[in-house]
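Fold and geometry: a report
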Amino acid sequence: KPCPLCDEAKEVLEPYKRRFILQEVDITLPENSAWYDKYKYDIPVFHLNGKFLMKHRVNIQKFEDQLRKLELQSG
């Protein structure tokens, strides 16, 4: 903190908030040290359904495509 890119990402994802659950992870907390070691230079990082999706900025096309695929699978 502060994380301007994180704030920007949350704004971009705001219109989709009814379609997914956003779980924020503070990688500076001791219990999240594995995430810190992996992503300290790449925040924000986005995983969707437990799988890496993108980092730094939201690629809205990629996000929409993957979200749609998940929604179709869960029907």
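Bear in mind the structure is a predicted one, so any value in this text is a computation, not a measurement.

The subject of this paragraph is the packing of aromatic side chains. A complete count under the given rule lists three aromatic pairs for this structure. Residues Tyr 16 and Phe 63 carry aromatic rings whose centres are separated by 5.2 Å and whose planes lie at 85° to one another, so their mutual orientation is edge-to-face. Of this pair, Tyr 16 sits in the loop between helix 1 (4-13) and helix 2 (33-39) while Phe 63 sits in helix 3 (residues 60-74), placing them 47 residues apart in sequence. A residue is classified by how much of its surface remains accessible, and Tyr 16, at 12% relative accessible area, is buried. Given the relative accessible area of 3%, Phe 63 is considered buried. Geometrically, the ring pair formed by Trp 35 and Tyr 39 is stacked, given 5.8 Å between the ring centres and 10° between the ring planes. Within this pair, Trp 35 and its partner Tyr 39 are both found in helix 2, separated by four residues, close to a single helical turn. When its relative accessible area of 36% is taken as the criterion, Trp 35 is described as partly exposed. We classify Tyr 39 as buried; its relative accessible area is 9%.

With that settled, consider the side chain of Asn 32. Relative to the helices and strands, Asn 32 is located in the loop between helix 1 and helix 2. Once residues within four sequence positions are removed from consideration, Asn 32 is found in contact with Val 25, Asp 26 and Ile 27.

Criteria and thresholds
- Along each chain, numbering runs from 1 in the same order as the chain's sequence is written.
- Where local features are concerned, this predicted model is filtered to residues with pLDDT of at least 70; where side-chain atom pairs are given and counted, the filter is 80 or more; whole-chain, interface and lining totals use all residues.
- Only hydrogens and water are set aside; all other atoms, that is, all heavy atoms of the structure, feed into the side-chain values.
- Two rings from Phe, Tyr or Trp (for Trp, the six-membered ring) form a pair when their centres sit within 6.5 Å of each other. Planes less than 30 degrees apart are called stacked, planes more than 60 degrees apart edge-to-face, and all others tilted.
- Secondary structure counts use DSSP, requiring at least four H or I residues in a row for a helix and at least two E residues in a row for a strand, with both numbered from the N terminus.
- Three labels apply to residues, based on accessible area from a 1.4 Å probe with only protein chains included: buried if under 20% of the type maximum, exposed if over 50%, partly exposed otherwise in between.
- For this analysis, residues touch if any pair of their heavy atoms sits within 4.5 Å.

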